[in-house]
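The lines below spell out each chain.
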Amino acid sequence: MSRLVDARLEKLEIKLPIPAAPVANYVPFVVTGNLVFVSGQGAVGPNGLVYLGRVGDGISLEDGQKSARMCALNLIAQVKVACGGDLDRVVRCVRLGGFVNCTDEFTDQPKVINGASDLMVDVFGDAGRHARTAVGVNVLPLGLSVEVDGVFEIS
Amino acid sequence: MSRLVDARLEKLEIKLPIPAAPVANYVPFVVTGNLVFVSGQGAVGPNGLVYLGRVGDGISLEDGQKSARMCALNLIAQVKVACGGDLDRVVRCVRLGGFVNCTDEFTDQPKVINGASDLMVDVFGDAGRHARTAVGVNVLPLGLSVEVDGVFEIS
Amino acid sequence: MSRLVDARLEKLEIKLPIPAAPVANYVPFVVTGNLVFVSGQGAVGPNGLVYLGRVGDGISLEDGQKSARMCALNLIAQVKVACGGDLDRVVRCVRLGGFVNCTDEFTDQPKVINGASDLMVDVFGDAGRHARTAVGVNVLPLGLSVEVDGVFEIS
């Protein structure tokens, strides 16, 4: 039996990253009841962190969006592990929390975090439509430009 | 049958705003089990965003509190939709997350977010007493002075 | 019957603080289903707030970690109340949200929040391993250097 979400990932030519290991004494996700709480994710490429810097000062809106999209890919990669490999068990992306490392003048955090939100809908369809909070912060771990965490419902 | 919370709103002379549409590709709330996760809300009036700016620099503590109160009104307006119009289905306001756009020197975030917390208790009574996290940030979407998200338990 | 977590606390020579009262109109925690949402906690000692200031400017990494550890002690103290005094009812520390009041250049938020994460694992063992989000912010309530909130599953 083919899996629907895997098929959609293939059609979108998306290859999920290897789930990133936490940089500290915690775990990438915790399952409680039907909910999966996923730790804050950054943009990690095959060769390490990418899009490091501050949006509005060195990092453009477009790069911020790409960074957010990579955070979302990492979230999905973690959820796939939580689902024992079967992303069709994702009932809903419940909530995303998006933090944008930006200058005091930058106010397009929603557009940045759209990079993550759009991917969720691309991958999960209506089940990818989530509640969301996007805010600016003065700095993020290791100089990440974007960090996104998530809550998912799984079956 | 009269509805208790609606009656309380009327007594408080509170007219809920029209639920604000998200400014990006996400939804205002997601229901999972008995929980409603509501997206971050700002102070939106009939003519658009209000109280734009930074608390401690242009926005006073009092205006910050009014801004937080309007965030809470928008949260309640969204929850009302989640409840199919019947706010008596709200079992508990579980948690509010409050973000205050403020100067580096401003440390009265709790007093600002009280504008939201007080309203929850006014409207829902003991069911409005919530866990809360209030922090400062250097900037918020579209220049909002306050953003508040919430988790509610409904029956 | 001796309680396992209490015994571990004793072995670690940890005396839980008196649960701190909220500085505003909200409650320290809300229980919904099997989940406890705990309000954001700061470092409160017997004589009031400690480690006030900004990490990277007055507050060292080490002091930030001690501050985070005290936040975690306060979280556990609140959860103990939520459990009617019996910390063995804690099934899992589900999630910690860590906010570090820091300079724009400080990027070791994960190391700071480890002060909280390590304590959870010390006290609860594997049940203390949690999902986590750590971010920097430009300022925190009352000048706290660290604020940590949490979600716990209890039986």
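Details of the structure are given in the entry above.
To start, this report covers the structure provided alongside it. What you see is a predicted model; the values in this text were computed from it and never measured. (Residues numbered from 1 in each chain as written. Chains lettered and ligands numbered in written order. Predicted model: local features only at pLDDT ≥ 70, side-chain atom pairs only at ≥ 80, totals over all residues. Heavy atoms only, no water.)

1. Concerning the interface of chain A and chain B
Opposite the 29 residues of chain A that make contact, chain B presents 23 residues. Summing both partners gives a buried area of about 2000 Å² for chain A against chain B, and 59% of it is carried by carbon and sulfur. Inspection of the chain A/chain B interface yields 1 salt bridge. For the pair chain A and chain B, the interface holds 14 residue pairs in polar contact (both at pLDDT 80 or more). Mapped by element, the contributors of at least two residues to the side of chain A that touches chain B are strand S7 (90-101), helix H3 (109-124), strand S8 (131-137) and strand S9 (146-154) of chain A. Ranked by residue count, the leading element in the side of chain A that touches chain B is S8(A), at 7 residues. For the side of chain A that touches chain B, the residue count by class is 13 nonpolar, 9 polar and 7 charged. (Contact = heavy atoms within 4.5 Å. Buried area = accessible area lost by both parts, 1.4 Å probe. Salt bridge = Lys/Arg side-chain N within 4 Å of Asp/Glu carboxyl O. Polar contact = N/O pair within 3.5 Å; in protein donor to acceptor, adjacent residues only side chain to side chain. Helix = DSSP H or I, 4+ residues; strand = E, 2+ residues; numbered from the N terminus. Nonpolar A, V, L, I, M, F, W, Y, C, P; charged D, E, K, R; others polar.)

2. Examining the packing of helix H2 (residues 61-82) of chain A against H3(A)
Residues and elements named next belong to chain A. Where H2 contacts H3, the axes come no closer than 7 Å and their chain directions differ by 40°. Relative to H3, H2 is oriented oblique. Crossing of H2 against H3: the hand is right-handed. Contact residues: Leu61, Gly64, Gln65, Ala68, Arg69, Ala72, Leu73, Leu75 and Ile76 in H2; Lys111, Val112, Ile113, Gly115, Ala116, Leu119, Met120, Val123 and Phe124 in H3. For the contact of H2 with H3, the residue count by class is 13 nonpolar, 3 polar and 2 charged. (Axes fitted to C-alpha atoms, helices over the stretch in contact; angles between N-to-C directions. Parallel < 35°, antiparallel > 145°, perpendicular 65-115°, else oblique. Left-handed = near helix turned anticlockwise from the far one by under 90°.)

3. Observations regarding the pattern of salt bridges
Side-chain pairing between opposite charges can occur once the charged atoms of the two side chains come close. Applying the stated criterion across every chain yields a total of 21 salt bridges over all chains. The partner of Arg95(A) in a salt bridge is Asp149(B), and the shortest N-O contact between them spans 2.7 Å. Separated into two different chains, Arg95(A) in strand S7 and Asp149(B) in strand S9 (residues 146-154) make up a pair that spans both. Residue Arg95(A) is classed as buried on the basis of its relative accessible area, which comes to 19%. Salt bridges sharing common partners tie together Arg95(A), Asp149(A), Arg95(B), Asp149(B), Arg95(C) and Asp149(C). (Buried < 20%, exposed > 50% of the residue type's maximum accessible area, 1.4 Å probe, protein only.)

By themselves, these observations are geometric and do not establish any function.
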